[in-house]
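Spelled out from the first residue to the last, the chains are:
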Amino acid sequence: MDLKNFAIESLPFFIMVLVEFLNVGLTTLSKAVMSKGIGNYVFVFYSNTIAALILLPLSFILERNKRAPLSWSLLCKFFILSLIGITIMQNCVFTGLKYSSPTLASAMSNLSPPFTFLLAVIFRMEKMKLRSMRSNIKMMGTLVSITGALIVTLYKGPQSGSSSEEEQVLLSPTLNNWGIGGIFLAIASLSVSVWSIGQAAILRGYQSELTIVAFYCLFGSIQCGLVCLVAERNHPKAWK
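Everything numeric in this text was worked out from a predicted model, so none of it was measured. (Residues numbered from 1 in each chain as written. Predicted model: local features only at pLDDT ≥ 70, side-chain atom pairs only at ≥ 80, totals over all residues. Heavy atoms only, no water.)

A. Examining the overall build of the protein more closely. Scanning the protein from terminus to terminus reveals nine helices and zero strands. Helices and strands appear in the protein in the N-to-C order α-α-α-α-α-α-α-α-α. The 240 residues of the protein split such that 34% are buried. In the structure as shown, the protein presents an accessible area of about 15,000 Å², 70% of it carried by carbon and sulfur atoms. (Helix = DSSP H or I, 4+ residues; strand = E, 2+ residues; numbered from the N terminus. Buried < 20%, exposed > 50% of the residue type's maximum accessible area, 1.4 Å probe, protein only. Areas by Shrake-Rupley, 256 points an atom, 1.4 Å probe, with all protein chains shown as cover.)

Written as structure tokens, this is what we have:
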């Protein structure tokens, strides 16, 4: 029973580690795709549209018996969640990736935990106790994460040698402005923190996770489609 309880308690940790591995793979793959010419705004639109087409039918099938009724208030919350977590966050991620590299994007994602901790303290979701070792460790981790992100952003360092031109395109920034890429990625990390807190608040009152993600992707694809029509109106090849 102790081993079973330990496995259950450890499961969220291992899932979050898996998510980080997937994020690293996503940023590297996305950089490779965008180097072929697709617009970063269009990439976000396509990916969320495909996700919505897959998840919406699944949510209605798998959660038809346990899903609570959808209200206009709840749909508005999904819409705002999509605005923060997809339209702002994902577009900032891929814009930052366009200006920098997968390495910087992965490093800057470490800003999300300290931002989340600071926001949780501000909104009194987390209590700060200066004499508590746990609070002190969290504050130390916050400081280390922010300092590390600043160092990585401000110090680009020399380009590593590559054996092929294709690898250089993948690993090198498409625009030589590392700092701008870091700013976009920092905004994305802050958006992730706000999105995480908002998602936790919604989940407390509506526990159909798949339905939340499905509508989140649906609203995100609609919002990103409007962004694409404005941002790529003079670049029809970006849709190819």
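The rest of the description comes next.
B. Looking closely at the packing of helix α5 (residues 112-122) against helix α8 (residues 178-205). Across the interface, α5 lies against α8 with an axial gap of 8 Å and an inter-helix angle of 50 degrees. By the angle between their axes, α5 is oblique relative to α8. The interaxial crossing formed by α5 with α8 has right-handed handedness. On α8, the residues that touch S112, F115, T116, L119 and A120 of α5 are A186, S189, L190, V192, S193, V194 and I197. Classifying every residue of the contact of α5 with α8 gives eight nonpolar, four polar and no charged. (Axes fitted to C-alpha atoms, helices over the stretch in contact; angles between N-to-C directions. Parallel < 35°, antiparallel > 145°, perpendicular 65-115°, else oblique. Left-handed = near helix turned anticlockwise from the far one by under 90°. Contact = heavy atoms within 4.5 Å. Nonpolar A, V, L, I, M, F, W, Y, C, P; charged D, E, K, R; others polar.)

C. The arrangement of α8 in detail. Between its terminal C-alpha atoms α8 stretches 41 Å, which fits the 40 Å expected from 28 residues at 1.5 Å a residue. Inspection of α8 places W178, G181, G182, L185, A188, S189, S191, S193, W195, I197 and I202 among the buried residues, and these make up the whole buried set. (Expected span 1.5 Å × (residues − 1).)

D. Broad picture of the side chain of S191. On the secondary structure map, S191 appears in helix α8. Look at S191 and you get buried, because its relative accessible area is 7%. Not counting chain neighbours up to four residues away, the residues in contact with S191 comprise I84, I88 and M89.

E. Up close: a nonpolar patch on the surface. Taken together, the side chains of F13, F14, V17, L18, F21 and L22 present a nonpolar region at the surface, about 670 Å² in accessible area. Tracing the backbone shows V17 in helix α1 (residues 2-34). (Patch = residues over 30% accessible without salt bridge, like charges linked within 9 Å, V, L, I, M, F, W, Y side chains within 5 Å. Salt bridge = Lys/Arg side-chain N within 4 Å of Asp/Glu carboxyl O.)

F. Representation of the packing of aromatic side chains in the model. One pass over the structure, following the stated rule, counts 11 aromatic pairs. A ring pair is formed by F78 and Y206, whose centres lie 6.1 Å apart and whose planes are at 70 degrees; its orientation type is edge-to-face. A residue pair is termed long-range when its members are at least 10 positions apart, and F78 in helix α3 (residues 72-99) and Y206 in the loop between α8 and α9 (209-231) qualify at 128 residues. Grouping aromatic residues by their ring pairs yields a cluster made of F78, F79, Y206, F215 and F219. (Phe/Tyr/Trp six-rings, centres within 6.5 Å; stacked < 30°, edge-to-face > 60°.)

G. Looking closely at the nonpolar core. Core analysis: the biggest nonpolar cluster contains 40 residues, and F78 and F94 have the highest contact counts within it. When residues of this core are traced back to their parent elements, those giving at least two are α2 (40-62), α3, α4 (102-108), α8 and α9. The contacts of F78, once residues within four sequence positions are left out, are L70, I202, Y206, I212, F215 and F219. (Core = buried A, V, L, I, M, F, W, Y, C linked by side-chain atoms within 4.5 Å.)

H. How the structure looks around the confidence of the model for the protein. Looking at the protein as a whole, its pLDDT mean stands at 80, while 89% of the residues score no less than 70. Across residues 159-175 the pLDDT falls below 50, and counting only partners more than four positions away or on other chains, this stretch makes 27 contacts in the model. (pLDDT = per-residue confidence, 0-100.)

I. Up close: the packing of α2 against α9. Contact pair α2 / α9: the axes reach a minimum separation of 7 Å and the direction vectors enclose 155 degrees. Regarding the angle of α2 to α9, the classification is roughly antiparallel. In this structure, α2 meets α9 at a crossing whose hand is left-handed. Of the residues assigned to the contact of α2 with α9, the class counts are 21 nonpolar, six polar and no charged.

J. Layout of the state of the cysteines. Considering all chains together, one arrives at zero disulfides under this definition. Left without a disulfide partner, C228 is nearest to the cysteine sulfur of C224, which lies 6.5 Å away. (Disulfide = S-S within 2.5 Å.)

K. Broad picture of the side chain of S193. Mapping S193 onto the fold places it in helix α8. Setting aside anything within four residues of it in sequence, one finds S193 in contact with S112, F115, T116 and L119.

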